[in-house]
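Spelled out, the chains give:
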Amino acid sequence: MEWDEGGIHQGLIAKLRNSNHITVLTGAGISAESGVPTFRQAQSGLWAQYDPQQLATPQAFRRNPRLVWEWYSWRRELVNKAKPNPGHIALATMEQQVSRFTLITQNVDDLHRRAGSQNIIALHGDILKTRCIDCRTYTEDALQNENIPPRCFHCGGLLRPDVVWFGESLPTEALEAAFTAARECDLFLSIGTSTLVEPAASLPFIALQNDIPVVEINPEETPLSGSATYQLKGAAGKVLPELVRSVWQV
Ligand code: BV8
Ligand code: ZN
């Protein structure tokens, strides 16, 4: 662990400047400053009594489709009202400065895309997309449907958010691309993730196993903190713009 008193380590600045391929993994923490609650603090108001890990499962949806659908409607509303914050925007700027940049996100919001990031691997799906639980048809205008949860026009099956629930497999090609990007980059940044949810949580460790330096940006300690090459303890919305300015003067 290398560290400058209060500033950003000169070695990290040089490493960022000389990297041809940077891979970034983001978690809910990068959207926290946009007002999208993280999974650890996700629940407020009427959702306070629910544990997200109990709601984000196929079992919960089968048992109580209305409850799970309404939880996602509440979260979709938050995402639609949210705006990308300086952390999202700094990553989009960084992508423009580097010859190869891979952004792997665990988040299901669209804030990275709205901030201008291009090469995005969405490991856990997209809360703004809706598909049929049976025939997997995607539908845009599900929300006009009167019953909750809405039903598929083609086969009458229940519609569900196009996200990966706990106990469901991640999209194979996305996961393979993520593992490759973690193995082949020059520098790996892990930002705003509790590093608890597998298989995403293994990605920074794969970089370390390939002797690739790993930077963690998080105000809290996580299971990665002790092994990270650099630990920048702070909010992504503050640390990332400072980092991008220090390295590329943009
Ligand atoms: C699977 C979509 C095969 C839904 C999500 C191996 C070992 C142990 C368990 C497992 C394992 N393999 C599989 C499992 C089971 C499970 C799992 O990992 N469980 C954990 C909890 C132990 N994994 C799965 O089920 C995965 N599927 O592997 O398939 C399989 C199949 C069957 C059986 C076994 C294996 C599927 C995982 C995907 C689940 N779907 N999201 C939805 O969003 O509704 S995960 C969901 O939770 C989020 O997407 C996110 O990824 C995760 C929460 O993690 P974070 O993003 O890190 O957010 P969190 O709130 O936890 O932390 C926020 C962090 O930000 C904090 O550290 C905080 O300090 C920091 N922060 C706060 N503010 C800021 C900040 N940082 C920077 N700046 C700030 N301002
Ligand atoms: Zn259908």
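The structure displayed is predicted, hence computed values, not measured ones.

Peer 1: How should I be thinking about the overall build of the protein in this particular structure?
Peer 2: For the protein, the count of helices and strands is 10 helices and eight strands. Whereas a compact globule of 250 residues would reach a radius of gyration of roughly 18 Å, the protein reaches 19 Å, a difference of no more than 12%. Projected onto the principal axes, the alpha-carbon positions of the protein cover approximately 60 × 35 × 30 Å. The buried share of the protein, taken over its 250 residues, is 52%. For the protein, long-range pairs separated by at least 24 residues make up 67% of all intrachain contacts whose partners lie at least 6 apart in sequence. For the protein, the accessible area works out to roughly 11700 Å², and carbon and sulfur atoms hold 50% of it.

Peer 1: Can you help me understand the packing of aromatic side chains in this one?
Peer 2: Centre distance and the angle of the planes are the two values used to describe a pair of aromatic rings. Counted by the stated rule, this structure contains four aromatic pairs. On the basis of an interplanar angle of 40 degrees and a centroid distance of 5.4 Å, the ring pair of phenylalanine 61 and tryptophan 165 is categorised as tilted. Of this pair, phenylalanine 61 sits in helix H4 (residues 58-63) while tryptophan 165 sits in the loop between strand E5 (159-163) and helix H8 (172-184), and the two are 104 residues apart along the sequence. Take phenylalanine 61 and tryptophan 165: they sit in the same class, and that class is buried. The interplanar angle of 50 degrees and the centroid separation of 6.2 Å between the aromatic rings of tyrosine 72 and tryptophan 165 together place this pair among those described as tilted. With tyrosine 72 in helix H5 (residues 65-81) and tryptophan 165 in the loop between E5 and H8, this residue pair connects regions lying 93 residues apart in the sequence. You can call tryptophan 165 buried: its relative accessible area is 2%. Above the ring of tryptophan 165, the side-chain terminus of arginine 160 is found at 3.7 Å from the ring centroid.

Peer 1: Please explain the sheet that holds strand E1 (residues 21-26) as it appears in this structure.
Peer 2: Pairing between sheet strands relies on hydrogen bonds along the backbone, with the strands arranged either parallel or antiparallel. Pairing in this open sheet of six strands is parallel, and the strands run E3-E2-E1-E6-E7-E8 from one edge to the other. The open sheet terminates on both sides in strands that have one partner only, identified here as strand E3 (120-122) and strand E8 (230-232). Looking at each pair of strands side by side, their axes are set apart by 15 degrees on average, direction ignored. Here strand E7 (residues 214-217) runs beside E8; their pairing, made up of three bridges, is parallel. Considered in E8, the bridge of glutamate 216 is made with glutamine 231.

Peer 1: Can you help me understand the packing of helix H6 (residues 86-97) against helix H10 (residues 236-248) in this one?
Peer 2: Axis angle and axis distance: for two packed helices, these are the angle between their axes and the distance between the axes, and together they describe the pair. Between H6 and H10, the shortest axis-to-axis distance is 7 Å and the interhelical angle comes to 25 degrees. Taken together, the axis directions place H6 and H10 in an arrangement best described as roughly parallel. Considering how the two elements wind past one another, H6 and H10 form a crossing that is left-handed. Touching Pro86, Gly87, Ala90, Leu91, Thr93, Met94 and Gln97 of H6 are Ala236, Gly237, Leu240, Pro241, Val244 and Trp248, all from H10. Considered class by class, the residues forming the contact of H6 with H10 number nine nonpolar, four polar and no charged.

Peer 1: How should I be thinking about the site of ligand 1 in this particular structure?
Peer 2: Around ligand 1 there are 35 residues in total, and Tyr72, Arg75, Val164, Gly167 and Ser194 lie nearest to it. Here a nitrogen atom of ligand 1 sits 2.8 Å away from a polar atom, N or O, in the side chain of glutamate 33. The side chain of arginine 75 places a nitrogen or oxygen atom 2.6 Å from an oxygen atom of ligand 1. For ligand 1, the protein covers 75% of the area, taking 1500 Å² as the surface of the free molecule.

Peer 1: Before we go on, may I ask you to explain the domain arrangement of the protein in this structure?
Peer 2: For the protein, the assigned domains read domain 1 (1-35 + 84-124 + 170-250) and domain 2 (37-81 + 127-163). At the junction of the two partners, domain 1 supplies 12 residues and domain 2 supplies 10 residues. Both faces considered, domain 1 and domain 2 share a buried interface measuring about 820 Å² in area, 58% of it formed by carbon and sulfur atoms. Among the residues of domain 1 in contact with domain 2, Ala28, Gly35 and Val108 are the three that bury the most area, contributing 42% of the side total.

Calculation notes
- Residues numbered from 1 in each chain as written.
- Chains lettered and ligands numbered in written order.
- Predicted model: local features only at pLDDT ≥ 70, side-chain atom pairs only at ≥ 80, totals over all residues.
- Heavy atoms only, no water.
- Helix = DSSP H or I, 4+ residues; strand = E, 2+ residues; numbered from the N terminus.
- Rg over C-alpha atoms; globule rule 2.2 N^0.38 Å.
- Buried < 20%, exposed > 50% of the residue type's maximum accessible area, 1.4 Å probe, protein only.
- Contact = heavy atoms within 4.5 Å.
- Areas by Shrake-Rupley, 256 points an atom, 1.4 Å probe, with all protein chains shown as cover.
- Phe/Tyr/Trp six-rings, centres within 6.5 Å; stacked < 30°, edge-to-face > 60°.
- Lys NZ or Arg CZ within 6 Å of the ring centre and 35° of its normal.
- Pairing = 2+ DSSP bridges.
- Axes fitted to C-alpha atoms, helices over the stretch in contact; angles between N-to-C directions.
- Parallel < 35°, antiparallel > 145°, perpendicular 65-115°, else oblique.
- Left-handed = near helix turned anticlockwise from the far one by under 90°.
- Nonpolar A, V, L, I, M, F, W, Y, C, P; charged D, E, K, R; others polar.
- Near = heavy atom within 4 Å.
- Polar contact = N/O pair within 3.5 Å; in protein donor to acceptor, adjacent residues only side chain to side chain.
- Domains from an automatic or database assignment.
- Buried area = accessible area lost by both parts, 1.4 Å probe.

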